[in-house]
Amino acid sequence: MSPRDIKETIGLPCGVLLAIQLMAGKYKWQIVRALLYQQGPLRFGELRKIIPQTSQKTLTRNLRELEKDDLITRRVFAEVPPRVEYRLTKWA
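The structure contained in this document is the topic of the report that follows. (Residues numbered from 1 in each chain as written. Predicted model: local features only at pLDDT ≥ 70, side-chain atom pairs only at ≥ 80, totals over all residues. Heavy atoms only, no water.)

Some words on the layout of surface pockets
A volume near 250 Å³ is recorded for the largest pocket. If you go around the largest pocket, the residues you meet are R43, F44, Q56, T60, L63, R64, E67, R74, P82, R83, V84 and Y86. Residue assignment for the lining of the largest pocket shows that the elements contributing at least two residues are α5 (56–68) and β3 (83–88). Here the lining of the largest pocket gets five residues from one element, more than from any other, and that element is α5. Classifying every residue of the lining of the largest pocket gives five nonpolar, two polar and five charged. (1 Å grid on protein atoms, 1.4 Å probe; cavity = no way out; pocket = protein on both sides within 12 Å on 5 of 7 lines; lining within 4 Å. Points joined across faces, edges and corners; volume = space filled by probe spheres on them. Helix = DSSP H or I, 4+ residues; strand = E, 2+ residues; numbered from the N terminus. Nonpolar A, V, L, I, M, F, W, Y, C, P; charged D, E, K, R; others polar.)

Things to note about the packing of helix α3 (residues 28–38) against α5
At a minimum axis distance of 10 Å, the contact between α3 and α5 shows a crossing angle of 70°. Taken together, the axis directions place α3 and α5 in an arrangement best described as roughly perpendicular. Together, K28, I31 and V32 of α3 and L59, N62, L63, E65 and L66 of α5 make up the contact between the two elements. Here the contact of α3 with α5 is composed, by residue class, of five nonpolar, one polar and two charged. (Axes fitted to C-alpha atoms, helices over the stretch in contact; angles between N-to-C directions. Parallel < 35°, antiparallel > 145°, perpendicular 65-115°, else oblique. Contact = heavy atoms within 4.5 Å.)

Things to note about the nonpolar core
Formed by 16 residues in total, the largest nonpolar core has its most connected members in I31, L35, L47, L63, L66, I72 and Y86. Looking at this core, the elements with two or more residues in it are α3, α5 and β3. Broken down by element, the residue count for this core peaks at four residues, all from α3. With residues near it in sequence (within four places) discarded, I31 still touches I51, L59, N62, L63 and L66. (Core = buried A, V, L, I, M, F, W, Y, C linked by side-chain atoms within 4.5 Å. Buried < 20%, exposed > 50% of the residue type's maximum accessible area, 1.4 Å probe, protein only.)

Considering the pairing of β3
Relative to β3, strand β1 (residues 42–43) runs antiparallel, the two sharing two bridges. Residue pairing across strands places R43 opposite E85, the latter belonging to β3. The pairing of strand β2 (residues 72–77) with β3 spans six bridges and is classified as antiparallel. Bridge pairing links T73 to R87 in β3. Linkage of β2 to β3, two consecutive antiparallel strands, is achieved through a turn of five residues. (Pairing = 2+ DSSP bridges.)

What follows is the structure in structure tokens.
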């Protein structure tokens, strides 16, 4: 079903459709909620602890999609071992 079909079917405004499309993913809502309530950056391992039912592969894929959609930012620190933090953008 295309976004246009959804809009015609349920009559939602475009902003709502955009939010639904951006958050369509098994754990995206939980990732955004965790980052929102933390009110600061979270590391990958911390997100895994908050959302233990997700696999590493699924969490990575969802984080990359959220980053591509500009809802979160990913900051990599040049350290050994590598450290990566995720935080919400102003658009989230």
